[in-house]
Amino acid sequence: AATAGDGEVDGSNAPAPHVMFIPSAGMGHLVPFFRFVSALSSRGGVRCSVVTVLPTVSAAEADHFAGLFAAFPSVHRVDLNLLPFDASAFPGADPFLLRWEALRRSAHLLGQLVAGAAPRVSAVVTDVTLASHVVPITKRLRVPCHVLFISSAAMLSLLAYFPVHLDKNGKSGVGDVVDVPGVRAVPRPCLPQPLPDLDHLFTKQFVDNGRAIVNADGILVNTFDALEPAALAALRDGTVVPGFPPVYTIGLLKSVGSHSGGEKAAAAFAAWLGEQPARSVVYVAFGNRNAVSHAQLREIAAGLEASRCRFLWVLKTTVVDREDDAEVRDVLGDEFLERVAGRGMVTKGWVDQEAVLGHPAVGLFLSHSGWNSITEAAACGVPLLAWPRGGDHRVNAMALVSGGVGAWMEHWSWDGEDRLVTRREIEEKVQEVMADATVRASAARVCEEAAMAVAEGGTSERSMQEFVSKLKAT
Ligand code: UDP
Ligand code: UDP
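Residues numbered from 1 in each chain as written. Chains lettered and ligands numbered in written order. Predicted model: local features only at pLDDT ≥ 70, side-chain atom pairs only at ≥ 80, totals over all residues. Heavy atoms only, no water.

(A) Examining the sheet that holds strand β2 (residues 47-53) more closely. As summarised here, the arrangement of the seven strands in space is β3-β2-β1-β4-β5-β8-β9, forming an open sheet in which the pairing is parallel. Both edges of this open sheet fall to β3 (76-80) and β9 (247-249), since each of them pairs with a single strand only. Each neighbouring strand pair of the sheet contributes to a mean axis angle of 25°, computed without reference to strand direction. Inspection of the sheet shows strand β5 (residues 145-149) paired to strand β8 (residues 218-221) by four bridges, in the parallel sense. Residue pairing in the sheet places Phe 149 in a bridge with Val 221 of β8. Running at roughly 170° to strand β1 (residues 18-22), helix α1 (residues 27-43) makes contact with β1, β2, β4 (123-127), β5 and β8 of the sheet. Sheet contacts for helix α4 (residues 107-116): β1, β2, β3 and β4; angle to β3, the most-contacted strand, approximately 145°. (Pairing = 2+ DSSP bridges. Helix = DSSP H or I, 4+ residues; strand = E, 2+ residues; numbered from the N terminus. Axes fitted to C-alpha atoms, helices over the stretch in contact; angles between N-to-C directions. Contact = heavy atoms within 4.5 Å.)

This is the structure:
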């Protein structure tokens, strides 16, 4: 049985509520969980346990789990041993998607962890990828279940509406567009690539989870009201799906304490960034698991060089970091590195991205538009130049443009398309957005709004208080 230590007791002498977190896999999913767990435990009055599956898929995940438990000793680790999972039925599938499936198939073990925990679990917070398995289990146990949604409210609305869309369309399947009521029409090419294939494992999970979240007791979203007003209003008033559960906006989440790993690398970059003029550096990164082809990397390298801008580039050539043994010089060549020495830094390691974006030398973020990356840029007022690669990136890019965080290259290639984005296109666009005072002013305004949302009396702070009060009432 899991025990969550003595925890804390609030002023009323009532026992502190015990929240069991059941996260999923991939840093994009874990980062918001770690940030939310640390925010909640720093507030006091709530006991937190986190279900942990070892070994993790990537080394970055293992480092960050260890960092969380070291930085927050009151957060209790609950180990889960996954059932053996035969992945041979899914040749070539994404390793993170396979881990989601393995977790889903071990869901009854999660039920035992929840039921057996001491003190009694007062609420579960789980990841969207596990929702269709965890929500029914917690219902049977009569434990309230919340989903911490790790992407945009725009994406949440698509997830919630997609099963309704399929039911309406019948045999015609996905069709050319998914028109999410009250939010936006999402054209087929902007959907996560597997969605038109209803037999794809991703699609099956997506549809099941989309149906299940309507039965959750609440959805926590890492966004804020002023950033995505239309999507949030339509979710809350039942326009997207009638009877949708309460939506708590808890963003933008930030790291609390030092548990982000990569401190040494951060120090090296901080020294270099410290020597660069304000807002002069283009930060280039495509998330924790987006491998870019060598041919495309060469175009990016040449485009950055020709732009004559300073740059810090985090490049990844494999989906799983443990499989990456190539050096930067193997990928880009010594000559390139010599030519850009001093004005360009390139690394293949883990970079504390939140710290980099918070540095005053950074003036633009060329990004795949993963939601965590967008929120980190928005929180720092750094304009984002979005080059979506797959999954939720294009839907997020729509949200980032309407939210005023940056610009989106709608016609730049997406995983699975043959076309390379040329060095010339990259050079021109980087220069253009770096010089765009309107984009910069808009990002600065979003940054101010983001700060207001989490300040005393702000929309996200009130939402967080409402959530904590609800926990204490259970
Ligand atoms: N990240 C980081 N350093 C890296 C790679 C990724 O700090 O070298 C963090 C990044 O700041 C973000 C998360 O990992 O918080 C990636 O999430 P995102 O939603 O941006 O993209 P994903 O990796 O899920 O595609
Ligand atoms: N997603 C979802 N429900 C699911 C699976 C995925 O809503 O059952 C969303 C979630 O927002 C995720 C996005 O689809 O971020 C794209 O998934 P992808 O495979 O690109 O993985 P990720 O980038 O999240 O690791």
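(B) The packing of helix α3 (residues 95-105) against helix α7 (residues 201-213), seen in detail. Where α3 meets α7, the closest approach of the two axes is 10 Å, and the angle between their N-to-C directions is 50°. As judged from the angle between their axes, α3 and α7 are oblique. The two elements α3 and α7 meet at a crossing, and its hand is left-handed. Facing α3, whose interface residues are Leu 97, Leu 98, Trp 100, Glu 101 and Arg 104, α7 presents Leu 201, Phe 202, Gln 205, Asp 208 and Asn 209. Along the lines of polarity and charge, the residues of the contact of α3 with α7 split into five nonpolar, two polar and three charged. (Parallel < 35°, antiparallel > 145°, perpendicular 65-115°, else oblique. Left-handed = near helix turned anticlockwise from the far one by under 90°. Nonpolar A, V, L, I, M, F, W, Y, C, P; charged D, E, K, R; others polar.)

(C) Representation of the sheet that holds strand β10 (residues 281-285) within the structure. One open sheet holds the six strands; their spatial order is β12-β11-β10-β13-β14-β15, and the pairing between them is parallel. Single-partner strands in this sheet number two, and they are β12 (344-347) and β15 (406-408). For this sheet the average axis-to-axis angle between neighbouring strands, irrespective of direction, equals 15°. The pairing of β10 with strand β11 (residues 310-314) spans five bridges and is classified as parallel. Bridged to Val 284 within β11 is Trp 313.

(D) Region of the structure containing the site of ligand 2. In the vicinity of ligand 2 lie 16 residues, with His 29, Ser 151, Asn 209, Arg 289 and Asp 392 positioned nearest. In the complex, the protein chains occlude 89% of the 510 Å² of accessible area that ligand 2 would expose alone. Those elements giving two or more residues to the shell around ligand 2 turn out to be α6 (153-169) and α7. The element that contributes the greatest number of residues to the shell around ligand 2 is α7, accounting for four residues. Looking at side-chain class alone, the shell around ligand 2 contains eight nonpolar, six polar and two charged residues. (Near = heavy atom within 4 Å. Areas by Shrake-Rupley, 256 points an atom, 1.4 Å probe, with all protein chains shown as cover.)

(E) Spatial organisation of the site of ligand 1. In the region of ligand 1, 17 residues are neighbours, and Asn 288, Val 351, His 368, Ser 373 and Glu 376 sit closest. Between ligand 1 and Glu 376 there is a distance of 2.5 Å, counted from an oxygen atom to a side-chain nitrogen or oxygen. Relative to its unbound accessible area of 530 Å², ligand 1 is 92% covered by the protein chains. Looking at the shell around ligand 1, the elements that each hand over two or more residues are α1 and α14 (371-380). Considering every element that reaches the shell around ligand 1, the biggest residue donor is α14, with four residues. Taken together, the residues of the shell around ligand 1 break down into five nonpolar, 10 polar and two charged. (Polar contact = N/O pair within 3.5 Å; in protein donor to acceptor, adjacent residues only side chain to side chain.)

(F) Representation of the packing of aromatic side chains in the model. Per the stated rule, a full pass over the model turns up 13 aromatic pairs. Plain terms: the ring middles of Phe 21 and Phe 33 are 6.3 Å apart, the flat faces sit at 85° to each other, and that makes the pair edge-to-face. Here the residue Phe 21 occupies a position in strand β1, and Phe 33 occupies one in helix α1, the gap between them amounting to 12 residues. A centroid spacing of 6.0 Å and a plane angle of 70° characterise the contact between Phe 21 and Phe 36, whose relative ring orientation is edge-to-face. With a gap of 15 residues between them, Phe 21 in strand β1 and Phe 36 in helix α1 connect regions that are remote in the sequence. Residue classification places Phe 36 among the buried positions, given a relative accessible area of 0%. One aromatic cluster is present, built from ring pairs that chain together Phe 21, Phe 33, Phe 36, Tyr 248 and Phe 467. When the ring centre of Trp 414 is taken as reference, the NZ or CZ atom of Arg 394 above it lies at 4.1 Å. (Phe/Tyr/Trp six-rings, centres within 6.5 Å; stacked < 30°, edge-to-face > 60°. Buried < 20%, exposed > 50% of the residue type's maximum accessible area, 1.4 Å probe, protein only. Lys NZ or Arg CZ within 6 Å of the ring centre and 35° of its normal.)

(G) Looking closely at the pattern of salt bridges. Inspection of the entire model under this criterion finds 18 salt bridges. For Glu 425, the salt bridge identified is with Arg 419, shortest N-O distance 3.4 Å. Given a relative accessible area of 39%, Arg 419 falls into the partly exposed group. Connected through salt bridges with shared partners, the residues Glu 101, Arg 104, Arg 105 and Asp 208 form a single ionic network. (Salt bridge = Lys/Arg side-chain N within 4 Å of Asp/Glu carboxyl O.)

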